[in-house]
Amino acid sequence: MNNFLIVALTTSLLFPSPSQSDTNHFGAGGVFELDLCNIKIPLPPKQEREQKLLEEQLM
């Protein structure tokens, strides 16, 4: 029983199935693009203050 387990583990490590070694989640081009559809992401307080200062200077 132990010999069979060792042989099975060794075989699975040496010869992985093609489905495990050939996974590509990004499609053929390899480019992943995320569209946020104009979602407002809150800024940290420091960046929010800087943004307000910039807006005031532009007005």
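Residues numbered from 1 in each chain as written. Predicted model: local features only at pLDDT ≥ 70, side-chain atom pairs only at ≥ 80, totals over all residues. Heavy atoms only, no water.

Attention now goes to the overall build of the protein. When you go through the protein residue by residue, the secondary structure sums to three helices and zero strands. The order of α-helices and β-strands along the protein, N terminus first, is α-α-α. Considering the protein as a whole, with its 59 residues, one finds that 0% of them fall into the buried category. A total of about 6,400 Å² of accessible surface is found on the protein, and carbon and sulfur atoms cover 62% of it. (Helix = DSSP H or I, 4+ residues; strand = E, 2+ residues; numbered from the N terminus. Buried < 20%, exposed > 50% of the residue type's maximum accessible area, 1.4 Å probe, protein only. Areas by Shrake-Rupley, 256 points an atom, 1.4 Å probe, with all protein chains shown as cover.)

When the terminal C-alpha atoms of helix H1 (residues 2-14) are compared, their 18 Å separation across 13 residues agrees well with the 18 Å that a helix rising 1.5 Å per residue should span. Counting buried positions along H1 yields zero of 13 residues, so the element is predominantly exposed. (Expected span 1.5 Å × (residues − 1).)

Where charged atoms from two side chains of opposite charge approach closely, those side chains can pair. Inspection of every chain in the model, using the stated rule, returns one salt bridge. Here Lys52 makes a salt bridge to Glu48, at a shortest N to O gap of 3.9 Å. Of this pair, Lys52 and Glu48 both sit in helix H3 (residues 45-58), four residues apart, which is roughly one turn of that helix. Look at Lys52 and you get partly exposed, because its relative accessible area is 48%. On the basis of relative accessibility, which here comes to 37%, the residue Glu48 falls in the partly exposed class. (Salt bridge = Lys/Arg side-chain N within 4 Å of Asp/Glu carboxyl O.)

Turning next to a nonpolar patch on the surface. On the surface, Leu34, Leu36, Ile39 and Ile41 cluster together to form a nonpolar patch covering roughly 420 Å² of accessible area. Its location among the elements puts Ile41 in the loop between helix H2 (18-21) and H3. Taking the relative accessible area as the measure of exposure, Ile41 reaches 58% and is therefore exposed. (Patch = residues over 30% accessible without salt bridge, like charges linked within 9 Å, V, L, I, M, F, W, Y side chains within 5 Å.)

In this model, the protein carries an average pLDDT of 76, and 71% of its residues clear a pLDDT of 70 or more. By mean pLDDT, H2 is the weakest element of the protein at 54, and H3 is the strongest at 88. (pLDDT = per-residue confidence, 0-100.)

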